[in-house]
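# Breakdown of the fold
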Amino acid sequence: MKEKKRRMKAEWEPQRCVQLTWPHAQTDWASMLPEISAVYQAMAHQISLREPLLIVGPTAPQPPVPNATFAALDTNDTWARDHGFITVEEDGQLVLLDFQFNGWGQKFRADLDNALNRQLFDLGLLTGQYESHLDFVLEGGSLESDGRGTVFTTACCLLAPHRNQPLSRQDIESRLKLWLGADRIVWLEHGSLLGDDTDGHIDTLVRICPDDTIVYTGADSDHPDLLLMERELQSLRTLDGRPYRLLRVPLPRPVYDDGDRLPATYANYLVLNGAVLVPTYAQPDLDHEAMTTIQQAYPDRQVVGIDCRAVVRQHGSLHCCTMQYY
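How each quantity is defined
- Residues numbered from 1 in each chain as written.
- Predicted model: local features only at pLDDT ≥ 70, side-chain atom pairs only at ≥ 80, totals over all residues.
- Heavy atoms only, no water.
- Helix = DSSP H or I, 4+ residues; strand = E, 2+ residues; numbered from the N terminus.
- Rg over C-alpha atoms; globule rule 2.2 N^0.38 Å.
- Buried < 20%, exposed > 50% of the residue type's maximum accessible area, 1.4 Å probe, protein only.
- Contact = heavy atoms within 4.5 Å.
- Areas by Shrake-Rupley, 256 points an atom, 1.4 Å probe, with all protein chains shown as cover.
- Lys, Arg positive; Asp, Glu negative; His and termini not counted.
- Charge placed at Lys NZ, Arg CZ, Asp CG, Glu CD.
- Pairing = 2+ DSSP bridges.
- Right-handed = clockwise from strand over helix to strand, strands pointing away.
- Salt bridge = Lys/Arg side-chain N within 4 Å of Asp/Glu carboxyl O.
- Core = buried A, V, L, I, M, F, W, Y, C linked by side-chain atoms within 4.5 Å.
- Expected span 1.5 Å × (residues − 1).
- Axes fitted to C-alpha atoms, helices over the stretch in contact; angles between N-to-C directions.

Here we take up the overall build of the protein chain. A tally of helices and strands in the protein chain yields nine helices and 19 strands. A compact globule built from 326 residues should have a C-alpha radius of gyration of about 20 Å, and the protein chain, at 18 Å, falls within 12% of that. When the backbone C-alpha atoms are referred to their principal axes, the protein chain occupies close to 55 × 50 × 40 Å. Residues classed as buried in the protein chain amount to 59% of the 326 residues present. A separation of at least 24 residues holds for 72% of the contacts in the protein chain among residues at least 6 apart in sequence. Carbon and sulfur atoms provide 51% of the accessible area of the protein chain, an area that totals close to 13,200 Å². The averaged location of the 45 negative side-chain charges in the protein chain is 5 Å from the averaged location of its 29 positive side-chain charges.

What follows is the structure in structure tokens.
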């Protein structure tokens, strides 16, 4: 019998929809609901121009969003990237991998969010082969795939406390290779942002792009761990032994909320059918530099900026709010 082969797709492959889990008064957004709702409306507008939307939450957004399906489900929060399905393809069929989301290592309540995937599947709103891995903690923001067998992650996240102990790095790697169909797992040992709740999600730091290109968050000598990450990337090689093409985006100037440094980053962008949505922070020079650099990685797509100053107040950004399905 022919062995089944699965793979984790690259984000730039054709998508069938994007999920947004909408903010509401029972989330941490309660004190700034009008501000964050306006950002979600802006994201929803840009996404719905290009592909269908799946919107999840206890109440439907107002005004209604065109080209959207609404699922009335209770939620703890809004980070669809981390509580959504991680999808792989196996022999041409979509497989929906349902991992445990535990609030980034039990930092926050996540019981309602952790139940969303099964509910969406049972409602028929997300279709494919359902596969439960609810005994293993894994978040979509912790993975990047080139669609050709290499999956990238960070050691500081996957080995962080309150996730999958006492599993070793080797245990975790063997599971990821099996479940994601990866030929190799690239573990980055360096890279972190001040104010990050996720223990170093790769989608805040390093993004894998077409044609063996990597967009990454660069910094100066005030951020030694990012400099070490840059050296790591320079030493990486593709499966056929070639260096990656590296594109460096700047680190935004510090953004604060009540004196707390927030993890603002341009790397947390979303690739869509025909476009890339890039977070901006009302820093025109750096916003422009980041968008211009990201355009080099995706020359066939329109690059659109979304003001994410409201989103970063809850320590996330644009990519964190979304999850694409194929």
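Further notes follow.
It is worth spelling out the pairing of strand S3 (residues 53–57) at this point. Counting buried residues in S3 gives five out of five residues, a clear majority hidden from the surface. Side-chain alternation along S3 places Leu 53, Ile 55 and Gly 57 on one buried face and Leu 54 and Val 56 on a second face that is also buried. Here four bridges tie strand S2 (residues 17–21) to S3, and the two strands are oriented parallel to one another. Bridge pairing in S3 links Val 18 to Leu 53. Crossover handedness for the path S2 to helix H1 (residues 33–48) to S3: right-handed.

Here we take up the pattern of salt bridges. Side chains that differ in charge, positive against negative, can pair when their charged atoms come close. Under the counting rule described, the total for this entry stands at 25 salt bridges. Lys 107 is the partner of Asp 199 in a salt bridge, and the nearest nitrogen-oxygen pair spans 2.8 Å. With a gap of 92 residues between them, Asp 199 in the loop between strand S10 (184–188) and strand S11 (206–209) and Lys 107 in the loop between helix H3 (103–106) and helix H4 (111–114) connect regions that are remote in the sequence. Residue class for Lys 107 comes out partly exposed when judged on its relative accessible area of 36%. The structure contains a network of salt bridges with shared partners spanning Arg 7, Lys 9, Glu 13 and Glu 89.

The subject of this paragraph is the nonpolar core. With 69 residues, the main nonpolar core has Val 206, Tyr 269 and Tyr 298 as its most contacted residues. In this structure Val 206 touches Glu 144, Leu 188, Ile 214, Val 215, Tyr 216, Met 229 and Leu 233, once residues within four positions along its chain are discounted. Counting 20 residues, the second-largest nonpolar core is a separate cluster that includes Met 8, Phe 99, Val 151 and Ile 185.

Below, the discussion takes up H1. Here H1 spans 22 Å end to end across 16 residues, near enough to the 22 Å set by a 1.5 Å rise per residue. Residues of H1 that are buried make contact with S2, S3, strand S16 (270–272), strand S17 (275–280), strand S18 (302–307) and strand S19 (322–325).

Spatially, S8-S9-S10 is the arrangement adopted by the three strands of the open sheet, whose pairing is mixed. Looking along the sheet, the strands with just one partner apiece sit at the ends: strand S8 (144–145) and S10. In this structure, S8 lies alongside strand S9 (residues 150–154), joined through two bridges in antiparallel fashion. For Ser 145, the partnering residue across the bridge sits in S9 and is Val 151. Contacting S9 and S10, helix H7 (residues 169–180) crosses the sheet at an angle of about 135° to S10.

Any functional reading would require information beyond the geometric quantities listed.
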